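Structure assessment
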2 protein chains.
Amino acid sequence: MARAQTLSRNQQIVLDIIQKAKGPLKAYSILFNVQKKGIKAPQQIYRALDKLIGMGKIHKIESKNAFVACRSSDCEISKATAFSICESCEMVDEISDTKLSKYLSGFNHKKGMKFKRFNLEFFGICKKCKKD
Amino acid sequence: MARAQTLSRNQQIVLDIIQKAKGPLKAYSILFNVQKKGIKAPQQIYRALDKLIGMGKIHKIESKNAFVACRSSDCEISKATAFSICESCEMVDEISDTKLSKYLSGFNHKKGMKFKRFNLEFFGICKKCKKD
DNA sequence: TCAAATATGTTATATTATAACAAACGTTAT
DNA sequence: ATAACGTTTGTTATAATATAACATATTTGA
Ligand SMILES: [Zn+2]
Ligand SMILES: [Zn+2]
Ligand SMILES: [Zn+2]
Ligand SMILES: [Zn+2]
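**A look at a positive patch on the surface**
Taken together, the side chains of Arg9(A), Lys20(A), Lys36(A) and Lys37(A) define a basic patch exposed on the protein surface. One can find Lys37(A) in the loop between helix H2 (27-34) and helix H3 (42-55).

Dropping the structure here:
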């Protein structure tokens, strides 16, 4: 069983650029940024992204088709993710709120479905954008 | 001010097919299904989808890039949406739980951002799929 | 050291979504 | 009525996002 504790070359390159970024990055923007490092095809990016998501190192912001580094130590397996998203500047902030997370993790569907995972996205205008 | 109480031709066609569907529909699958009615181009579908979303008649399931009819009378403006999604059969069910909705609508970000809207997606295996 | 699993490189293609422009239609005010 | 306005439609082209398929290389571990 390959419990990938260590990242492969491409995975590390992709993770680095996502972690350094100020905001969410799109797959093709990552691709353009790493072409100098020898990565040439979308597949290579998407494969790294998939693995990194699986490890909980990054998250996908579904409403934006973009990727952010995980800033919380809680969600190593990305089972319970929540984000705040500014509709003006595109800023994304990972929410780690224990109460919220517990509340949602304990939430059960009336129709008897047991949830394994959730993703929550809040939208609004961030403080910085409100000033303008 | 055009308060579209009434749907346009294409909007009605697209809404009809989404409402009749058993599960979420993708834009291009809608397109193929309405070509007999004279709709020929993706633009026509996406324009109708945008308007219908704006009216709260349908919702986009972000993690699937697919669209479902609104089954709840609560979310006329799609400000507070929650879904349960089966990872096996792709079934999507809109959750309308007043307590959940109130809890999330009242949730405020620590960093002072005021939320206008949220979307929540739960994932698991539905009852029907569990039996297999 | 050999087999299995994982990662890579590469080309091609599928899927999802928007841009741009022209024409038709439906209101409403004059 | 008719001009003016906003909205909807039709249409062609293209952009952006994501996966298929296959060959090779590298790592892991029995
Ligand atoms: Zn996280
Ligand atoms: Zn902002
Ligand atoms: Zn709804
Ligand atoms: Zn199911």
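**A few points about the relation of the copies chain B and chain A**
Rotating chain B by 180 degrees and translating it 0.0 Å along the rotation axis places it on chain A, where the RMSD comes to 0.0 Å. Between the two chains, the operation in question is that of a two-fold axis. By C-alpha distance to the rotation axis, the residue of chain B lying nearest is Leu120(B), at 2.2 Å. Most of the interface of chain B is mirrored in chain A, where 100% of its interface residues again form contacts.

**Quick word on the coordination of the zinc ion (ligand 2)**
Six octahedrally arranged donors around a metal ideally form angles of 90 or 180 degrees; four tetrahedrally arranged donors ideally form angles of 109.5 degrees. Protein-derived coordination of the zinc ion (ligand 2) comes from Cys86(A) (SG), Cys89(A) (SG), Cys126(A) (SG) and Cys129(A) (SG), at a distance range of 2.3 Å. Of note is the zinc ion (ligand 2), whose four donor atoms meet at the metal with angles of 106 to 112 degrees in an arrangement that counts as tetrahedral.

**Section: the interface of chain B and chain A**
Interfaces are often sized by the accessible area lost when the parts come together. Contact residues are listed per partner, giving 36 residues for chain B and 36 residues for chain A. Contact between chain B and chain A buries roughly 3,200 Å² in total, counting both sides, with carbon and sulfur atoms accounting for 59%. For the chain B face of the interface with chain A, the top three residues by lost area are Met113(B), Phe122(B) and Phe123(B), together amounting to 18%. Here chain B is connected to chain A by six salt bridges. The residue Glu87(B) makes a salt bridge to Arg117(A) at a minimum N-O spacing of 3.4 Å. Where chain B meets chain A, there are 14 residue pairs in polar contact (both at pLDDT 80 or more). Looking at the side of chain B that touches chain A, the elements that each hand over two or more residues are strand S3 (80-86), helix H4 (98-105), strand S5 (114-125) and helix H5 (127-131) of chain B.

Procedures and definitions
- Residues numbered from 1 in each chain as written.
- Chains lettered and ligands numbered in written order.
- Predicted model: local features only at pLDDT ≥ 70, side-chain atom pairs only at ≥ 80, totals over all residues.
- Heavy atoms only, no water.
- Patch = residues over 30% accessible without salt bridge, like charges linked within 9 Å, V, L, I, M, F, W, Y side chains within 5 Å.
- Areas by Shrake-Rupley, 256 points an atom, 1.4 Å probe, with all protein chains shown as cover.
- Salt bridge = Lys/Arg side-chain N within 4 Å of Asp/Glu carboxyl O.
- Lys, Arg positive; Asp, Glu negative; His and termini not counted.
- Charge placed at Lys NZ, Arg CZ, Asp CG, Glu CD.
- Helix = DSSP H or I, 4+ residues; strand = E, 2+ residues; numbered from the N terminus.
- Least-squares fit on C-alpha atoms with pLDDT ≥ 70 in both.
- Contact = heavy atoms within 4.5 Å.
- Donors = N, O, S within 2.8 Å, 3.2 Å for Na, K, Ca; no water.
- Tetrahedral: all angles 85-135°; square planar, octahedral: opposite > 155°, others 65-115°.
- Buried area = accessible area lost by both parts, 1.4 Å probe.
- Polar contact = N/O pair within 3.5 Å; in protein donor to acceptor, adjacent residues only side chain to side chain.

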